[in-house]
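Take a look at the letters that make up each chain.
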2 protein chains.
Amino acid sequence: MRELEIIAKLQRRFGKVSPSVEIGIGDDAAVVASGGGMRWALTTDALVEGVHFDMSRCTPRQLGYKSLAVNLSDLAAMGALPRHVLVALALPPTVTEEVVDGIFDGIAALAAEHRVSVVGGNITRSPVLAVTITALGELSGPALERGGGRPGDRLMVTGDVGSSAIGHQLLASGRTGFDDLERDLVRRHLEPEPRVAAGQALRLIASAGIDISDGLAQDAGHLARASRCGARIELARLPLSPAYHGLTRHLDDPWLPALAGGEDYELLLAVPPERVRTAGHAASAAGVVLHEIGELVQGSGVVVIDEAGAERPAPAGWEHF
Amino acid sequence: MRELEIIAKLQRRFGKVSPSVEIGIGDDAAVVASGGGMRWALTTDALVEGVHFDMSRCTPRQLGYKSLAVNLSDLAAMGALPRHVLVALALPPTVTEEVVDGIFDGIAALAAEHRVSVVGGNITRSPVLAVTITALGELSGPALERGGGRPGDRLMVTGDVGSSAIGHQLLASGRTGFDDLERDLVRRHLEPEPRVAAGQALRLIASAGIDISDGLAQDAGHLARASRCGARIELARLPLSPAYHGLTRHLDDPWLPALAGGEDYELLLAVPPERVRTAGHAASAAGVVLHEIGELVQGSGVVVIDEAGAERPAPAGWEHF
């Protein structure tokens, strides 16, 4: 069974929810009502050894950091303010104290940066190392959902795309002696920066939002489908690392890392045309650059426009499962 | 590293928390303040194949059920009303649709019984099957903590102890043709009933509470230590299944399943002497029998009194890690 099939099953199965559940399964995070008009955004995400990371290619600290970062990114995509997390560790019997300390250090560093409290956890033995984090974020108003976009809304993305995928390839190549640009790409893969401030700044400006974990094209598809639209992405407008073209030249499809690499943990937003400037300013104030990369259109599916203005098929995203 | 060492490390590391965190790491669940004077109890717990269950000895439905039950039991121990859960599934590539459906069926059945909403989830590939659930429970007043007991408080337990451990031994024996009592013990192991109603009924009556997951003696030790007391447990007063003595006769220490078997998922409570009757009535109204099994005393540690009135050493509990 494929990941998306299982999620669809989960959604069908647990779709009927109580009135206090404003957003259930199927967005970046769930949203539940709480007392005093407050809402909580809830999300859970896991990193598993051999699937999401390789302990020979990252430090325990980086693993801890990233485990929390991917969860905060989901909260960022809802425009929520991260507040509390629970950490479930699955540890092989051979795990050393150094590894456990490193994981905690990485979680603690990012938690401190975002003033998030680690309030609970669970430790279990397991044949493979895995870190499953659940994060709760506060919402003082409606969440930024995937499904609020309309045809004509501009698609905008924070930061750049494809850097994490190229960083991953660099790591996997076994090559050493990276230059500064390459080291930055590796860091982007191992220590993605969740766009928490941008998500909050854009919550009431954008019409829809998602974080890019499965790859730009696939996540654009998720946003477009939830918004009952199609999406058009223009390759010529994609924000890329200065090292991008040099490092992807040898690929059969040099656009694959940017379109389908995944793990960018940038925000992809739909923004009504009249709010594009406001969105740019709000993102700048939150410390990130926002680039317009396409638009939502009537219809369905994702169309990619190449640099010559021709349509090309959208690649599939990364299948976690 | 042992599980309790890692939890102690987690507690030291993440002990400094924000004012909105009323209870952090170290109790059955965390408690955070929410809007309008409301509190949420938060807990996470994982079941891992080969560590907590064996797919050749349980159905996928039982696995799903128990994954949720162990989390609801933690909320019950705080006196919280379960409301929302997130389900993180780690699935091997060979997993069948039947297994996934069964797990969801089991979760759905217990969720429906307790009117809990499954609001989110995550699916990842993994070499071993694991279900990690995070549960949120509502508290309309202060939580029932581990640390509120005082010397002289009576120790009381819901249901009986040791049934799950004997059920586990029966399953592991490979024997078939169980009689009704034996089948009930197996069911107690595979489908524990979280004491949610009892936890809520006793929240303001008991002085302290914990759920018995690591074994009566060890969890009594946790409660006593948090309450800065010692604990005395009288074997002659332990509530046991009618089949208990027959099925433990062959063991070197026939009391081991009751004292250290673990996974009872009953509530162990400290109750001030003047409230013992009230506690019994409240538990009855919530559908469970409450038995007095000992008391909190000045000092520290757990002392077990045998049927002849002599002290015997308390056995260690089950080490998950």
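1. Focus: the overall build of chain A
No. 1: Along the backbone of chain A there are ten helices and 13 strands.
No. 2: Against the globule reference of 20 Å for 321 residues, chain A gives a C-alpha radius of gyration of 19 Å, in line with a compact fold.
No. 3: In terms of overall dimensions, chain A has a C-alpha envelope of 55 × 55 × 40 Å along the principal axes.
No. 4: Counting all 321 residues of chain A, 57% fall into the buried class.
No. 5: For chain A, restricting intrachain contacts to residue pairs at least 6 apart in sequence, the fraction spanning at least 24 positions comes to 83%.

2. Observations concerning the interface of chain A and chain B
By a widespread convention, an interface's size corresponds to the accessible area lost as its parts come together.
No. 1: Listed by partner, the interface residues are 56 residues for chain A and 56 residues for chain B.
No. 2: When residues of the side of chain A that touches chain B are traced back to their parent elements, those giving at least two are helix H1 (3-13), strand E2 (30-33), strand E3 (39-48), strand E4 (81-91), helix H3 (97-113), strand E5 (117-125) and strand E6 (130-139) of chain A.
No. 3: The greatest single-element share of the side of chain A that touches chain B, amounting to nine residues, is contributed by E5(A).
No. 4: When the residues that make up the side of chain A that touches chain B are grouped by side-chain class, the tally is 31 nonpolar, 19 polar and six charged.

3. What to know about the relation of the copies chain A and chain B
No. 1: Rotating chain A by 180 degrees and translating it 0.0 Å along the rotation axis places it on chain B, where the RMSD comes to 0.0 Å. Such a combination of turn and shift is consistent with a two-fold rotation axis.
No. 2: With an isologous cut-off of 70% or more, the 100% of interface residues of chain A that recur at the interface of chain B puts this contact in the isologous class.

4. Details of the domain arrangement of chain A
Residue and element names in this part refer to chain A.
No. 1: Per the domain assignment, the segments of chain A are domain 1 (3-139) and domain 2 (146-312).
No. 2: Using only C-alpha atoms to locate each centre, domain 1 and domain 2 end up separated by 22 Å.
No. 3: Tallying the contact residues gives 19 residues for domain 1 and 19 residues for domain 2.
No. 4: Looking at the side of domain 1 that touches domain 2, the element that brings in the most residues is helix H2 (residues 60-78), giving eleven residues.
No. 5: For the side of domain 1 that touches domain 2, a count of residues per class yields ten nonpolar, four polar and five charged.

5. What about the packing of helix H4 (residues 163-173) of chain A against helix H5 (residues 180-190) of chain A?
Residues and elements named next belong to chain A.
No. 1: Two elements in contact, H4 and H5, have axes separated by 7 Å at closest approach and are oriented at 105 degrees. Here H4 is positioned roughly perpendicular relative to H5, judged by the angle of their axes. Of the residues in H5, those in contact with Ser163, Ser164, Ile166, Gly167, His168, Leu170 and Leu171 of H4 are Glu182, Leu185, Val186, Arg188 and His189.
No. 2: Looking at the contact of H4 with H5 residue by residue, the class counts come to five nonpolar, five polar and two charged.

6. Things to note about the confidence of the model for chain A
No. 1: Here chain A shows a mean pLDDT of 94. Residues at 70 or above account for 98%.
No. 2: Two summary scores accompany this predicted model of the complex, namely pTM at 0.95 and ipTM at 0.93.

7. Some words on the pairing of E5(A)
Side chains on a regular strand alternate between the two faces of the sheet.
Residues and elements named next belong to chain A.
No. 1: Counted residue by residue, E5 has eight buried out of nine residues, so it is predominantly covered.
No. 2: Relative to E5, E4 runs parallel, the two being bridged by eight bridges. Note that in E5 the partner of Ala88 across the bridge is Asn122.
No. 3: Tracing the backbone out of E4, into H3 and back to the parallel element E5 gives a crossover that is right-handed.

8. Notes on the nonpolar core
No. 1: Counting residues in hydrophobic clusters, the biggest one holds 212 residues, and the most contacted among them are Ala41(A) and Ala41(B).
No. 2: Counting residues per element, this core draws most heavily on H2(A), which supplies ten residues.
No. 3: Those residues in contact with Ala41(B) that sit more than four places away from it in its chain are Ala29(B), Ala30(B), Val31(B), Leu75(B), Met78(B), Ala80(B), Gly137(B), Leu139(B) and Ala143(B).

9. Describing the sheet that holds strand E10 (residues 267-271) of chain B
Residue and element names in this part refer to chain B.
No. 1: Strand order across the open sheet formed by seven strands is E8-E10-E7-E11-E9-E12-E13, with mixed pairing between neighbours. In this open sheet, the two edge strands, each paired with only one partner strand, are strand E8 (208-211) and strand E13 (311-313). On average, each strand axis in the sheet is inclined to that of its neighbour by 30 degrees, with strand direction left out of account.
No. 2: Where helix H2 (residues 60-77) meets the sheet, it contacts E8 and E10, and its direction lies at approximately 175 degrees from that of E8.

10. A word on the sheet that holds E5(A)
All names here are of chain A.
No. 1: Spatially, six strands are ordered E1-E2-E3-E6-E4-E5 in an open sheet, and the strand pairing comes out mixed. Two strands bound the open sheet, and with one partner strand each, they are strand E1 (21-23) and E5. Between one strand and the next, the sheet's axes are offset by a mean angle of 20 degrees, whatever the strand orientation.

11. Observations regarding the environment of Tyr265(B)
Residues and elements named next belong to chain B.
No. 1: Within the secondary structure, Tyr265 is located in the loop between helix H9 (256-260) and E10.
No. 2: Spatially, the C-alpha atom of Tyr265 lies 7.6 Å from that of Arg195, the residues being 70 residues apart in sequence.
No. 3: Apart from residues no more than four positions distant in its own chain, Tyr265 is found in contact with Ala69, Val70, Ser73, Pro192, Pro194, Asp211, Ile212 and Ser213.

12. Observations concerning the environment of Ala33(B)
Residues and elements named next belong to chain B.
No. 1: Topologically, Ala33 is positioned in strand E2 (residues 30-33).
No. 2: On the basis of neighbour count, Ala33 is assigned to the partly exposed category, with 16 C-beta atoms found within 10 Å.
No. 3: A C-alpha to C-alpha distance of 5.2 Å links Ala33 and Ser20, two positions 13 residues apart in sequence.

13. Some points on unusual backbone geometry
No. 1: In this structure, Arg115(A) is a non-glycine residue whose phi angle is positive, near 55 degrees.
No. 2: Its location among the elements puts Arg115(A) in the loop between H3 and E5.
No. 3: Positive phi is not limited to glycine here, since Tyr265(B) has a value of about 55 degrees.

14. Section: helix H7 (residues 216-226) of chain B
No. 1: For H7(B), the buried fraction is high: nine of the eleven residues fall into the buried class.
No. 2: Turning to H7(B), its buried residues number three or more, namely Leu216(B), Ala217(B), Gln218(B), Asp219(B), Ala220(B), Gly221(B), His222(B), Leu223(B) and Ala224(B).

15. With respect to the pairing of strand E3 (residues 39-48) of chain B
Residues and elements named next belong to chain B.
No. 1: Among the ten residues of E3, ten are classified as buried, and the element is accordingly described as predominantly covered.
No. 2: In this structure, the hairpin formed by E2 and E3 is closed by a connection of five residues, where Gly36 is found at a positive phi of approximately 60 degrees.
No. 3: Bridge analysis of E3 against strand E6 (residues 130-139) gives ten bridges, and the strand direction is antiparallel. In the sheet register, Val48 faces E6, and the bridge partner there is Ala130.

16. Comments concerning the packing of H2(B) against helix H3 (residues 97-113) of chain B
Residue and element names in this part refer to chain B.
No. 1: Interaxial distance between H2 and H3 falls to 6 Å at its minimum, and their mutual angle equals 45 degrees. When the axis of H2 is compared with that of H3, the two are oblique. In this structure, H2 crosses over H3, and the sense of that crossing is right-handed. Of the residues in H3, those in contact with Pro60, Arg61, Gln62, Leu63, Gly64, Tyr65, Ser67, Leu68 and Ala69 of H2 are Val99, Gly102, Ile103, Phe104, Asp105, Gly106, Ile107, Ala109, Leu110 and Ala111.
No. 2: Partitioning the contact of H2 with H3 into residue classes produces twelve nonpolar, five polar and two charged.

So, how was this worked out
- Residues numbered from 1 in each chain as written.
- Chains lettered and ligands numbered in written order.
- Predicted model: local features only at pLDDT ≥ 70, side-chain atom pairs only at ≥ 80, totals over all residues.
- Helix = DSSP H or I, 4+ residues; strand = E, 2+ residues; numbered from the N terminus.
- Rg over C-alpha atoms; globule rule 2.2 N^0.38 Å.
- Buried ≥ 20, exposed ≤ 12 C-beta atoms within 10 Å, placed from the backbone.
- Contact = placed C-beta atoms within 7 Å.
- Nonpolar A, V, L, I, M, F, W, Y, C, P; charged D, E, K, R; others polar.
- Least-squares fit on C-alpha atoms with pLDDT ≥ 70 in both.
- Domains from an automatic or database assignment.
- Axes fitted to C-alpha atoms, helices over the stretch in contact; angles between N-to-C directions.
- Parallel < 35°, antiparallel > 145°, perpendicular 65-115°, else oblique.
- pLDDT = per-residue confidence, 0-100.
- Pairing = 2+ DSSP bridges.
- Right-handed = clockwise from strand over helix to strand, strands pointing away.
- Core = buried A, V, L, I, M, F, W, Y, C linked by C-beta atoms within 7 Å.
- Left-handed = near helix turned anticlockwise from the far one by under 90°.

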